[in-house]
Amino acid sequence: KMTDGLFLKCCRHVAEQNKDIKFKEMYLDTVCLNMVQDPTQFDVLVMPNLYGDILSDLCAGLIGGLGVTPSGNIGQDGAIFESVHGTAPDIAGEDKANPTALLLSAVMMLRYMGLSPYAQRIEMACFDVIREGRVLTGDLGGSSKCSEFTEEICRKVRESE
Amino acid sequence: MLTGMVENCVFIFVQTVDVSSQADQFLNQWNQSCNKTSRVAASSSIIQHKKYSTEPHFSKYGGRTTVTALSGDGVGPELLSYVQEIFRYAGVPVDFEELEINGSTTDEETLRSALLSVQRNGIALKGNIESKFDEPGFKSMNVELRTQLELFASIVWCKSIPGVYTRHQGLDIILIRENTEGEYSNLEYQIVPGCIENLKIITEAKSTKIAKYAFEFAKTHGRKKVTAIHKANIMKLGDGLFLESCRKVASQYPDIEFNDMIVDNASMQMVSKPQQFDVLVMPNLYGNILSNITAGLVGGYGVVSGMNIGDDYAVFEMGTRSSGRSLKGKNIANPTGMLLASCDMLDYIGCNKHAELIRDSVMKVMSVDKVQTPDLGGQATTLEVIQAIIEDIKPKTTSWSTTAAQNVYSLR
């Protein structure tokens, strides 16, 4: 009651100051239940550390796994953007890895730095390549190499100029 | 969170039901496993060293058992009334001792009456009681009931139901959750204004108890794998103790495969490849999260029942423990979860035939006749579902005696 209660009180306080954004409170278990049934009802979720750990992995599972999920750690003095998948030592150095997670994390970094137009172009190119499905790495069901996938994205970025 | 060491074990078991012509198979399996489950529940006393009694007791008089009905908030009261109606049509030899307990009856007296009633009767059917999280001094009634009655195991059995469309099919996962310690120990204090410390308690005794229950449950139901869920990479001492206790118990069951998984990975695996899971054993909070995720995967709050089992008492409720505040009075709540919980209760007290009868009708109406409430994508109201179930039950009970005092029942 006191720990999560304090968190909730702080959230409410900030919500009061930002009345143009809709604020809703939900229990963690209700969110989990609804997330697997209809995740489209959620927009931005703010939560304490442990719940965030669990829910972010849950949502990553819903969109395709950690191989395509970007993340960023923001502080007052700096920020680190990283992919949250493992180090995959078994495929290291073999040009097999899927660079999407790290690439999208870099896109987040560009947005953080205020370079949104660049971020937008790269993100669109990446999504287009995945949507077309011609050139995909093994984890997404394709048979292309990491370098081929990257080259395809670069081509799309060049074309979009 | 600080973690300490204490001794406790908890077991939880859950049952699920299947419907349709595969449903017939599903139902047969389910009914058989419910029989087994009631045996595991009753024998939990054998697993634990009990202080006074040796077996769970029921208050049975004149062939009729008395069960406490705790109303709860939201849709709890209306769903419980539907259960009583269906019991009447099915001729179930159960009387309900109704107790109104909800988020607005927060005094000690109400809680004490509720506890005494459950202790007297041994069994309860319960709606969820809302906890006001704005008042720090306010204790959660649900948690108080579970801890005071030492209902150490919470079991939610999530099984895919034919006729209920979900993304993943063919699921059959049992989630066994420690019910009385962990993050729900209710020990918080303010160190300085704006900084609060919360104590998460993990004890060897309770961890071992729940692990043992999980393995016994798996063994009784012929399950092949038990997975322990934890976050021992971060909470090295607390969850580490839980994991270690599970491993020690696992070594006594060489026929059952044991593995462990970190809770965030488990959440992700549950939404992408849930078929890999068989029986899960978890501490309190992770159990809450994963039970809700898995319940969502098989159809949501409406189709999953849950049970809280202790050495002496058992309390049955909806698997997701939702009060359904937004659905109250709208006649759209799904009564299936509560009805299945009441069938689990009937199995627990030995009324297996009645349980089978009601469960068959509930499943037939939901899966075969497809009379479904909006949460399952249907258009029916709660009342329509209940009436359909009653219509299905009626022909099955025509051979029963119609005298006023019906203490003797015969089933076709």
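Here the structure is a predicted model, which means the values were calculated and not measured.

Caption draft 1: Broad picture of the overall build of chain B. The helix and strand inventory of chain B stands at 11 helices and 13 strands. Considering only intrachain contacts with a sequence separation of at least 6, the fraction spanning at least 24 residues in chain B is 78%. With the model as given, the accessible surface of chain B reaches about 16,200 Å², and the carbon-plus-sulfur share is 51%.

Caption draft 2: Seen up close, the nonpolar core. All names here are of chain B. Among the nonpolar cores identified, the biggest contains 113 residues, and L346 and I358 are the most heavily contacted of them. Every residue in contact with L346, bar those within four places of it in the chain, is listed here: F87, V92, V94, C351, N352, H354, A355 and I358. Formed by 15 residues, the second largest nonpolar core is a distinct cluster that contains L70, L99, I101 and Y313.

Caption draft 3: Broad picture of the interface of chain B and chain A. The partner chain A presents 25 residues to the 39 residues of chain B that form the contact. Buried area between chain B and chain A, summed over both chains or domains, comes out near 2,600 Å², and the portion from carbon and sulfur atoms is 70%. Along the contact surface separating chain B from chain A lie 1 salt bridge. The partner of D53 of chain A in a salt bridge is K231 of chain B, and the shortest N-O contact between them spans 2.7 Å. Linking chain B with chain A are 6 residue pairs in polar contact (both at pLDDT 80 or more). Contributing elements (two or more residues each) for the side of chain B that touches chain A: strand 7 (188–192), strand 8 (195–198), helix 7 (263–272) and helix 8 (284–298) of chain B. Considering every element that reaches the side of chain B that touches chain A, the biggest residue donor is helix 8 of chain B, with 9 residues.

Caption draft 4: Quick look at helix 3 (residues 108–121) of chain B. Residue and element names in this part refer to chain B. Over its 14 residues, helix 3 extends 20 Å from the first C-alpha to the last, a length consistent with the 20 Å expected when each residue adds 1.5 Å. On its buried side, helix 3 packs onto strand 1 (59–61), strand 2 (64–70), strand 3 (94–99), strand 4 (123–126), helix 4 (141–148) and strand 13 (314–318). Just downstream of helix 3 lies G122, where phi reads positive at about 85 degrees.

Cut-offs and rules
Residues numbered from 1 in each chain as written. Chains lettered and ligands numbered in written order. Predicted model: local features only at pLDDT ≥ 70, side-chain atom pairs only at ≥ 80, totals over all residues. Heavy atoms only, no water. Helix = DSSP H or I, 4+ residues; strand = E, 2+ residues; numbered from the N terminus. Contact = heavy atoms within 4.5 Å. Areas by Shrake-Rupley, 256 points an atom, 1.4 Å probe, with all protein chains shown as cover. Core = buried A, V, L, I, M, F, W, Y, C linked by side-chain atoms within 4.5 Å. Buried < 20%, exposed > 50% of the residue type's maximum accessible area, 1.4 Å probe, protein only. Buried area = accessible area lost by both parts, 1.4 Å probe. Salt bridge = Lys/Arg side-chain N within 4 Å of Asp/Glu carboxyl O. Polar contact = N/O pair within 3.5 Å; in protein donor to acceptor, adjacent residues only side chain to side chain. Expected span 1.5 Å × (residues − 1).

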